[in-house]
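# Survey of secondary and tertiary structure
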Amino acid sequence: MTGTDSFEEWLRDRLPARGLRGKSAALLEVLLSQPRRASFGSAQELAQLAGVNVATVTRTAQALGFAGWPALQQELRARYLSSLSAGQVAAEHRGSGSPSARSLRRDLDSLALLNRRLDERVLVTIAEAVAAARRTVIVADGSYAAVGIALAHNARLAGYPVTAVTGGDAELANTMAASAAGDVLIAISFWRLYESTVLAANEARARGVRVFAVTDAASPALAGAAEEVVMVPAEGEAFFPSLTAGIAVAQALVTQLAAVDPARTGGLHRGGGGHVGEVLPPPPPPQHPLGGDR
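Residues numbered from 1 in each chain as written. Predicted model: local features only at pLDDT ≥ 70, side-chain atom pairs only at ≥ 80, totals over all residues. Heavy atoms only, no water.

## Concerning the packing of aromatic side chains
Taken as a whole, this structure holds 2 aromatic pairs when the rule is applied. With centroids separated by 6.3 Å and ring planes inclined at 65°, the aromatic side chains of W10 and F66 adopt a geometry described as edge-to-face. With W10 in helix α1 (residues 7–13) and F66 in the loop between α5 (54–63) and α6 (69–82), the pair connects residues that are 56 residues apart, well separated along the chain. For the pair Y144 and F190, a centre-to-centre distance of 3.8 Å together with 25° between the ring planes defines the contact as stacked. Linking Y144 in the loop between β1 (136–140) and α10 (145–157) with F190 in the loop between β3 (184–189) and α12 (195–206), this pair joins segments that are 46 residues apart in sequence. Here Y144 and F190 have matching classes, each one buried. (Phe/Tyr/Trp six-rings, centres within 6.5 Å; stacked < 30°, edge-to-face > 60°. Helix = DSSP H or I, 4+ residues; strand = E, 2+ residues; numbered from the N terminus. Buried < 20%, exposed > 50% of the residue type's maximum accessible area, 1.4 Å probe, protein only.)

## Points about the packing of α6 against helix α8 (residues 99–117)
Packing of α6 against α8 leaves a shortest axis separation of 12 Å and a crossing angle of 130°. Of the possible angle classes, the one that applies to α6 and α8 is oblique. Between α6 and α8 the crossing geometry is left-handed. Across the interface between the two elements, P70, A71, Q74 and R77 from α6 touch R106, L113 and R117 from α8. (Axes fitted to C-alpha atoms, helices over the stretch in contact; angles between N-to-C directions. Parallel < 35°, antiparallel > 145°, perpendicular 65-115°, else oblique. Left-handed = near helix turned anticlockwise from the far one by under 90°. Contact = heavy atoms within 4.5 Å.)

The following block contains the structure:
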């Protein structure tokens with residue numbers, strides 16, 4: 001992650017101008033001094049540690065800019081886990097059942113959480129921006145390059161000029177040099193935030209590009225450049241993040257995009273080329289030069 005994204009600095013940057021006082025200040029100190037407990041404990045447990053009631057936990061989360069404790073805890077956990085080594089992350093996830101069963105349960109929980117918290121209005125905004133853009137660039141790296149590639153591929157099937165940049169800093173620099181007002185940039189970043197992604201988002205914003213972010217932790221360095229931020233739970237059961245909820249968001253976004261201009265999307269798949277997903281008959285076998293079959 002970038003140097004500006006330490007757990008404590010991020011949390012303190014979210015404080016209201018007047019700070020927190022009394023019971024909320026006591027809870028803040030628990031969050032700062034016991035990040036693991038804050039990341040995995042219930043609101044009741046955190047309230048007991050701070051000597052406050054559960055209502056104070058909710059009010060404190062809201063004062064920090066979140067809808068409530070579950071939303072704050074999701075980001076606290078993402079930041080805490082991203083600070084650990086691979087072995088430490090794996091140790092945090094030891095539990096009952098086989099690793100594969102735990103992984104499936106984790107993904108189901110993440111999808112349920114995403115379904116409860118996702119703001120559909122944001123997806124509509126992004127889809128309409130992509131539909132109106134001269135071109136759209138998706139910046140994705142590491143494990144989550146797969147999410148960017150899937151989103152770009154399906155958006156092109158829907159009829160829109162969308163490309164994914166996953167080839168490293170040189171490709172990204174060349175792409176950003178050609179960006180201009182009328183373009184859209186979607187930054188996809190999970191787990192550990194790549195500095196190049198932050199630089200690209202801020203450079204794009206300075207050029208008049210509309211910037212959107214899909215991430216599991218609303219880093220000030222990235223969120224400050226983004227018009228909208230889609231928060232996606234990405235905690236996996238092993239030492240790497242889960243792609244499941246990220247792919248679900250990509251699928252939802254491209255489905256919304258296809259609905260913006262149905263004539264444009266549908267027109268691409270009419271005629272002799274076959275519909276998307278249609279199995280076309282195989283070509284005829286090659287003919288012998290003299291006209292007979294081989």
